[in-house]
Amino acid sequence: AQSVSQHNHHVILSEAASLELGCNYSYGGTVNLFWYVQYPGQHLQLLLKYFSGDPLVKGIKGFEAEFIKSKFSFNLRKPSVQWSDTAEYFCAVNARGNTDKLIFGTGTRLQVFP
Amino acid sequence: SAVISQKPSRDICQRGTSLTIQCQVDSQVTMMFWYRQQPGQSLTLIATANQGSEATYESGFVIDKFPISRPNLTFSTLTVSNMSPEDSSIYLCSVERGLIGNGYTFGSGTRLTVV
């Protein structure tokens, strides 16, 4: 069965700092990978997804993620964070050819201070 | 992407009672998923609901506690039975639309508080 781990549970940054959130998954087959964001009091929004092709994926709000198959990783990056990026970030994986279910990591709480 | 209407948006319930949460999608979908998000936690998949068959439950979740109906391709319900305060969570339904893995849409959730 697939699983997802996010190593950073709580990240605190100042505005304009660079961000990298780790995500590793365990599954031997082909996967689809996602990053979701949940702003305080709001529901989940899709930031970006990897389905196939270019392993460097660009999403909304200046976020990007790189799929490194050899490392089973899909880290999220942003070169310069803003206060409005304060939110909970969830990595998720769907194991293609196994089931259609989406499994989430434990999440990373990002706090950005002005 | 699909539009999902979920209701109720929130409820406060007495322990020992049951609550049924409804999820309506604006188009036909093969699979619908039910998740739980406990306070300060990530999303945990409860079950996958296909139309015309019994739901498939994840480890730690059972049909007696979380019965699910899927009468057609646009609608599903999740019942939280015999509630206890530990069931206080946000419950979300989700659908996958189009090519497998192409995108998952989530409802706005039902915030349940059991007192």
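Above: the structure in question.
Residues numbered from 1 in each chain as written. Chains lettered and ligands numbered in written order. Predicted model: local features only at pLDDT ≥ 70, side-chain atom pairs only at ≥ 80, totals over all residues. Heavy atoms only, no water.

> Explanation requested: the pairing of strand β3 (residues 19-25) of chain B in the structure shown.
Consecutive side chains of a regular strand alternate in pointing toward one face of the sheet and then the other. Residue and element names in this part refer to chain B. Residues Leu-19, Ile-21, Cys-23 and Val-25 line the buried face of β3, whereas the alternating positions Thr-20, Gln-22 and Gln-24 sit on a face that is not buried. Bridge count for strand β1 (residues 4-7) against β3 is four bridges, and the pairing is antiparallel. Opposite Ser-5, over in β3, you have Gln-24 as the bridge partner. Relative to strand β8 (residues 75-80), β3 is paired through six bridges, and the arrangement is antiparallel. By the bridge assignment, Thr-20 is partnered in β8 with Thr-79. (Buried < 20%, exposed > 50% of the residue type's maximum accessible area, 1.4 Å probe, protein only. Helix = DSSP H or I, 4+ residues; strand = E, 2+ residues; numbered from the N terminus. Pairing = 2+ DSSP bridges.)

> What am I meant to see in the environment of Glu-20 of chain A here?
Residues and elements named next belong to chain A. With respect to the element layout, Glu-20 can be found in strand β3 (residues 19-21). By relative accessible area, which is 44% here, Glu-20 ends up partly exposed. For the pair Glu-20 and His-43, spaced 23 residues apart in the sequence, the C-alpha separation amounts to 22 Å. Of the polar contacts made by the side chain of Glu-20, one reaches the side chain of Asn-75; its length is 3.1 Å. (Polar contact = N/O pair within 3.5 Å; in protein donor to acceptor, adjacent residues only side chain to side chain.)

> Honestly, the interface of chain A and chain B in this entry has me stumped. Any pointers?
How big an interface is tends to be reported as the loss of accessible area on association of its parts. Between chain A and chain B, the residue contacts involve 18 residues of the former and 19 residues of the latter. When chain A packs against chain B, close to 1,600 Å² is buried across both sides, 58% of that on carbon and sulfur atoms. Linking chain A to chain B there are one salt bridge. A salt bridge links Glu-58 of chain B to Lys-101 of chain A, with the nearest nitrogen and oxygen atoms 3.0 Å apart. Where chain A touches chain B, the interface holds six residue pairs in polar contact (both at pLDDT 80 or more). At the level of elements, β5 (31-38), β10 (87-95) and β11 (102-104) of chain A are the ones that each hand at least two residues to the side of chain A that touches chain B. Taken together, the residues of the side of chain A that touches chain B sort by class into eight nonpolar, seven polar and three charged. (Contact = heavy atoms within 4.5 Å. Buried area = accessible area lost by both parts, 1.4 Å probe. Salt bridge = Lys/Arg side-chain N within 4 Å of Asp/Glu carboxyl O. Nonpolar A, V, L, I, M, F, W, Y, C, P; charged D, E, K, R; others polar.)

> Would you explain unusual backbone geometry in this entry?
Among all residues except glycine, the phi angle is most often negative; among peptide bonds, the trans geometry is most common. Cis geometry marks the peptide bond from Lys-7 of chain B to Pro-8 of chain B; its omega dihedral reads 0 degrees. Structurally, the position occupied by Pro-8 of chain B is in the loop between β1 and β2 (10-13). One non-glycine residue, Lys-61 of chain A, adopts positive backbone phi at about 60 degrees. Looking at the element boundaries, Lys-61 of chain A is found in the loop between β7 (56-58) and β8 (64-68). With a phi close to 50 degrees, Phe-72 of chain A is a non-glycine residue in the positive phi region.

> Mind showing me how you'd approach the nonpolar core here?
In terms of nonpolar packing, the biggest core is built from 45 residues, with Trp-35, Tyr-89 and Phe-104 of chain A touching the most fellow members. Each residue touching Phe-104 of chain A, except ones within four places of it in the same chain, is listed here: Val-4, Tyr-36, Leu-44, Phe-90, Cys-91 and Ala-92 of chain A together with Tyr-35, Ser-42, Leu-43 and Phe-106 of chain B. Judged by nonpolar contacts, the second largest core, of 25 residues, contains Val-25, Ala-47, Tyr-57 and Cys-93 of chain B. (Core = buried A, V, L, I, M, F, W, Y, C linked by side-chain atoms within 4.5 Å.)

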